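The lines below spell out each chain.
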Amino acid sequence: MPAAKDIRRALARIRAVMPTQKQSDASHRNIKLGLERISRAIPDEQKWIGVHVGGTNGKGSICALLAGMLKLSGISHGTYNSPALPERHNSITINGLYVNKRMYEMELQHVAETYKRVASGWMFASGDEPGEPTPFEIETAAAFRVFNKMNVQYGIVEVGMGGATDATNAMKEKAVTVISKIDLDHQEYLGNTIEEIAKVKAGIMRPGIPCIVDYTNPSSVMDVLRDHAQSVGTQVSLSSKALPLIEDLDGDTFKLQDYEKQNLLCATLAFRNLFPNLQIDVNKLLSLKPQLPGRMEQVNVSGLTDGTRQQPVLVDGAHNMLGVDALAKHVDGTLRNSTEPTVTWVIGLSSSKSKPFSKIVETLIRPHDNLAFVEYAQGANDPPAAPAELGRDVAAQVIRDESRIYDGEPNIGDAVQWACSKAGEGPVVITGSLYMIRELYGTAGVQPSRKIKTRRPGRSQLWRYIQLSKERPLTSEEAREFKQARRHWYLSPLNSPVFRNVRSGGAPVSPPAPESVREHQRDAAHHKSQADGYGSAIRSIKKDMSEEVDGGGEDLPRTLRDLEKRHEEHLRAYNSAMFRLRGYIVDPEKKYLSHRDIFGQPEKRKSRIAALLPEEDADRAALPLHKGPPGKAGWQTRRGG
């Protein structure tokens, strides 16, 4: 009878060779290149200036470097990268902070609803229905809306896939475009040769808008890019022109790999095109560590390994040959040495017809290395994971000792624990698909080194929570954000005299508090702290009683009653002190601010006509009359009876 390992290997091989349409429905990705749908979903007005960054490798890092430059210059900006790590809303940052999660969810919903209304009145000229927008199209339109609402001056946008037909190319105004190093990737969508892919990526160019290109691209790629630039009426600027701008780089402090230097050159020249008179200290810039999560990042996994692994592991999303070659060079040059040549790898790749699966594995590992090949949990619109058994088969051709190849469950948590146990304090590298790294970052006990804060909830979130709290009890997380949103509103420069001058560059003006007020504040803080402590003790005792913990006996209920009494006493003392401070008893209804209070205007009401119509007719009545926007010959109006 065959062993379980052999059966798993055979099944994995069957899955790998099955045609895509015959595999599970989850393997199908909703990817539709083209600008027809996204053009209907994005806002009519773009209030920000676009910086569009495409290419195969390095485009996310260039976006991060440009954001760092704008931050040092005090210029408001937003960034949009994909895929998001570790959560969906982490794709957008505003001035270096993640966009608020609730705001992002609201914008996604708004985009989906807007598209549904608009698409109900249109069809392609060929007669085809427009269909549903892809998740990436919805996310891109939401990002553009967030940039508008947050009033950023510049939006730094990373191309998702390709260029000409990528959803991000629907932005209406660009100041500069950047094309990083180009190589084979996503051939099933972009073309089978590097020249065909370069032609697609060149599609982000615009007439009269400068395009910065990584000068290390092959000559055949440069020819394609120059020809396209000439055809659209723009000019290609090679990133090598920025070499004099980074000549003050401290090479001893910042030991950049070749690809990192190329990314820095691209970002620096793009910034110079945007702001010819502004100077950037590249050493100060790099000291900020302007990098995206999951790119050459040191990650702490001591919580996952129960403290047995104190040294961080290296995490890098090298998912194509350009990235793999760079990672292999970095590992061989910095992690391997004569005393410790062994590296323990955790690798997880996405399944693709064009991905050089064997070459990736063989480029990274050596015969004396350890390897755990894993599979990530496939999300709704993610590519399927490459079977772990196939990865083990390829690795077995290099690593002859089977004890060095992980043979357990191919999930990321178990594999990292095995890798850390195998490596001891030796180097551990986790690499491959960004979808796998996203799952790693969501694993309990994993702590990335780059911790980016999230923006506080704003006025829209405050209004949403007011409406939601009238419909049902809020969850603990919603209640916490509702309180944050109220505090943020009360303390904003629009409402608080303390912070009114901050908007014009002034300092907060806090009126002096009398000693009597300070005394009441200290009193209230003391009793609140004591009440919280007693409350925590009461909950612990009740938990022990519910679990029938031995050792309490009859004294446990008596102790609980005493603690509850002291808890109530401190709560009363706290409320009394707060009454002396406020001069009134808190009215729970005060948290329900009106729409006019929050936004300065009454809430819009549906038209009386629409309110009297059936739902389907009301939706139709709410639609504007379309004659077809200029330049959109691929669409035509579809009138209802």
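Above this text is the structure in question.
Residues numbered from 1 in each chain as written. Predicted model: local features only at pLDDT ≥ 70, side-chain atom pairs only at ≥ 80, totals over all residues. Heavy atoms only, no water.

1. As for the overall build of the protein chain
Here is the rule: A run of DSSP states H or I qualifies as a helix once it reaches four residues; a run of E qualifies as a strand once it reaches two. Both are numbered from the N-terminal end. In this scheme, a residue with accessible area under 20% of its type's maximum is buried, one over 50% is exposed, and one in between is partly exposed, where area comes from a 1.4 Å probe on protein chains only. The contact rule is simple, with two residues in contact once any of their heavy atoms fall within 4.5 Å.
Across its full length, the protein chain carries 22 helices and 16 strands. Burial analysis of the protein chain (641 residues in total) assigns 45% to the buried set. Contacts in the protein chain between residues far apart in sequence, at least 24 positions, make up 75% of those at least 6 positions apart.

2. Here's the deal with the packing of helix α7 (residues 194-201) against helix α8 (residues 219-232)
Defined as follows: Note on method: axes are straight lines fitted to C-alpha atoms, helices fitted across the in-contact stretch only, with angles between N-to-C directions ranging 0 to 180 degrees. For a crossing to be left-handed, the near helix must be turned anticlockwise from the far one by less than a right angle; the clockwise case is right-handed. Charged means Asp, Glu, Lys or Arg here, nonpolar means Ala, Val, Leu, Ile, Met, Phe, Trp, Tyr, Cys or Pro, and polar covers whatever is left, Gly included.
Interhelical geometry of α7 versus α8 gives an angle of 30° and a closest axis separation of 9 Å. Helix-helix and strand crossings are classified by hand; for α7 and α8 the assignment is right-handed. For the pair α7 and α8, the contacting residues are Ile194, Glu195, Ala198 and Lys199 in the first and Ser220, Val221, Val224, Leu225 and His228 in the second. Counted by class, the contact of α7 with α8 contains 5 nonpolar, 2 polar and 2 charged residues.

3. Here we look at the pattern of salt bridges
Just so we agree on the cut-off: Whenever Lys or Arg places a side-chain nitrogen within 4 Å of a carboxyl oxygen from Asp or Glu, that contact is recorded as a salt bridge.
All chains considered together, the criterion is met by 19 salt bridges. Notably, a salt bridge pairs Asp407 with Arg392, separated by 3.4 Å at the nearest N-O pair. One end of the pair, Asp407, is in the loop between α13 (388-396) and α14 (412-423); the other, Arg392, is in helix α13, and 15 residues separate them in sequence. The class for Asp407 is partly exposed, based on a relative accessible area of 34%. Residue Arg392 is classed as buried on the basis of its relative accessible area, which comes to 5%.

4. A closer look at the sheet that holds strand β3 (residues 92-94)
Two strands in a sheet stick together by hydrogen bonds in their backbones, pointing the same way (parallel) or opposite ways (antiparallel). For the record, the criterion: Strand pairing requires that DSSP identify at least two bridges connecting the strands.
A sheet is described by the order of its strands in space; here 8 strands give the open sequence β4-β3-β2-β6-β1-β7-β8-β9, paired in mixed fashion. Only two strands of the sheet have a single neighbouring strand rather than two, namely β4 (97-98) and β9 (236-238). Examined bridge by bridge, strand β2 (residues 77-80) and β3 share 3 bridges and lie antiparallel to one another. For Tyr80, the partnering residue across the bridge sits in β3 and is Ile92.

5. Here we look at the pairing of strand β13 (residues 370-373)
Neither face of β13 is open: one carries Asn370 and Ala372, the other Leu371 and Phe373, and all of them are buried. When strand β12 (residues 344-348) meets β13, the two strands line up parallel, connected through 4 bridges. Each bridged residue has a counterpart across the sheet, and for Val346 the counterpart in β13 is Ala372.

6. Brief notes about the nonpolar core
Which entries qualify depends on this criterion: In these notes, a set of buried Ala, Val, Leu, Ile, Met, Phe, Trp, Tyr and Cys residues joined through side-chain atoms within 4.5 Å is what counts as a nonpolar core.
Core analysis: the biggest nonpolar cluster contains 31 residues, and Val51, Leu66 and Met69 have the highest contact counts within it. Residue assignment for this core shows that the elements contributing at least two residues are β1 (49-54), α3 (59-72), β6 (154-158), β7 (174-179), α9 (258-274) and α10 (282-287). The biggest single contributor to this core is α9, with 8 residues. Excluding anything up to four places from it in sequence, Leu66 contacts Val51, Val53, Ile156, Ala267, Ala270 and Phe271.

7. Structural notes on the side chain of His330
Among the structural elements, His330 can be located in helix α11 (residues 321-335). Note on His330: relative accessible area 17%, which makes it buried.

8. Topic: the pairing of β2
Neither face of β2 is open: one carries His77 and Thr79, the other Gly78 and Tyr80, and all of them are buried. In terms of strand pairing, β2 meets β6 through 4 bridges, oriented parallel. Bridging from a neighbouring strand, His77 pairs with Tyr154 of β6.

9. Remarks on the packing of aromatic side chains
Under the convention used in this document: Only the six-membered ring of Trp is used, alongside the rings of Phe and Tyr, when aromatic pairs are assigned; centres must lie within 6.5 Å, and planes under 30 degrees apart are stacked while those over 60 apart are edge-to-face, with the rest tilted.
Under the counting rule described, the total for this entry stands at 9 aromatic pairs. Measuring from centroid to centroid gives 6.0 Å for Tyr376 and Tyr435, while their planes differ by 35°, and the two rings are tilted. One end of the pair, Tyr376, is in the loop between β13 and α13; the other, Tyr435, is in helix α15 (residues 434-441), with 59 residues separating them in the sequence. Each of the two residues, Tyr376 as well as Tyr435, counts as buried. Ring centres of Tyr465 and Phe482 lie 6.2 Å apart, and the angle between their planes is 35°; on these two criteria the pair is classed as tilted. Residue Tyr465 is found in helix α16 (residues 459-471), and its partner Phe482 is found in helix α17 (residues 476-490); the two are separated by 17 residues along the sequence. Looking at Tyr465, the relative accessible area reads 0%, which means it is buried. Using a relative accessible area of 2% as the deciding quantity, one classes Phe482 as buried.

10. Structural notes on the environment of Val299
Turning to its location among the elements, Val299 is positioned in strand β10 (residues 297-300). Once residues within four sequence positions are removed from consideration, Val299 is found in contact with Pro312, Val313, Val315, Tyr441, Val446, Gln447 and Pro448.

11. Description of unusual backbone geometry
For the bond running from Ser82 to Pro83, omega is -5°, close enough to zero to count as cis. Among the structural elements, Pro83 can be located in the loop between β2 and β3. Its identity as a non-glycine residue notwithstanding, Lys289 has a phi of 55°, on the positive side. If you trace the backbone, Lys289 turns up in the loop between α10 and β10. Unlike most non-glycine residues, Asp306 shows phi in positive territory, near 55°. Tracing the backbone shows Asp306 in the loop between β10 and β11 (313-316).

12. Focus on the environment of Arg309
With respect to the helices and strands, Arg309 occurs in the loop between β10 and β11. Of the residues examined, Arg309 reaches a relative accessible area of 2% and is grouped as buried. Sequence separation of Arg309 and Glu425 is 116 residues, and the distance between their C-alpha atoms is 6.9 Å. When residues no more than four places from it in sequence are discounted, the contact partners of Arg309 are Val301, Ser302, Cys420, Ala423, Gly424, Glu425, Gly426, Pro427 and Val428.

13. Thoughts on the packing of α16 against α17
What counts is decided by this rule: The labels follow the angle: roughly parallel below 35 degrees, roughly antiparallel above 145, roughly perpendicular from 65 to 115, and oblique for the rest.
Contact geometry of α16 with α17 gives a least axis separation of 9 Å together with a crossing angle of 130°. By the angle between their axes, α16 is oblique relative to α17. α17 is crossed by α16, and the crossing has left-handed handedness. On the side of α16, the interface is formed by Arg459, Leu462, Tyr465, Ile466, Leu468 and Ser469, while α17 contributes Glu478, Glu481, Phe482, Ala485, Arg486 and Trp489. Taken together, the residues of the contact of α16 with α17 break down into 7 nonpolar, 1 polar and 4 charged.

14. Some details on α15
Let me state the cut-off plainly: Polar contacts, as used here, are pairs of N or O atoms within 3.5 Å; protein pairs need one atom able to donate a hydrogen and one able to accept it. Residues neighboring in sequence count only if both atoms are side-chain atoms.
Burial within α15 is extensive, with 6 of its 8 residues counted as buried. Residues Leu434, Tyr435, Met436, Ile437, Leu440 and Tyr441 constitute the buried set of α15. Tucked inside the fold, the buried residues of α15 contact β10, β11, β12, α14, β14 (428-432) and β15 (447-448). For α15, the side-chain oxygen to backbone nitrogen distance between the N-cap and Tyr435 is 3.0 Å, and the N-cap itself is Ser433.

15. Comments concerning α11
To be explicit about the condition: Take the number of residues in a helix, subtract one, and multiply by 1.5 Å to get its expected span.
For α11, with 15 residues, the first-to-last C-alpha span of 20 Å sits near the 21 Å given by 1.5 Å per residue. Here the buried face of α11 lies against α9, β11, β12, α12 (357-364) and β14.

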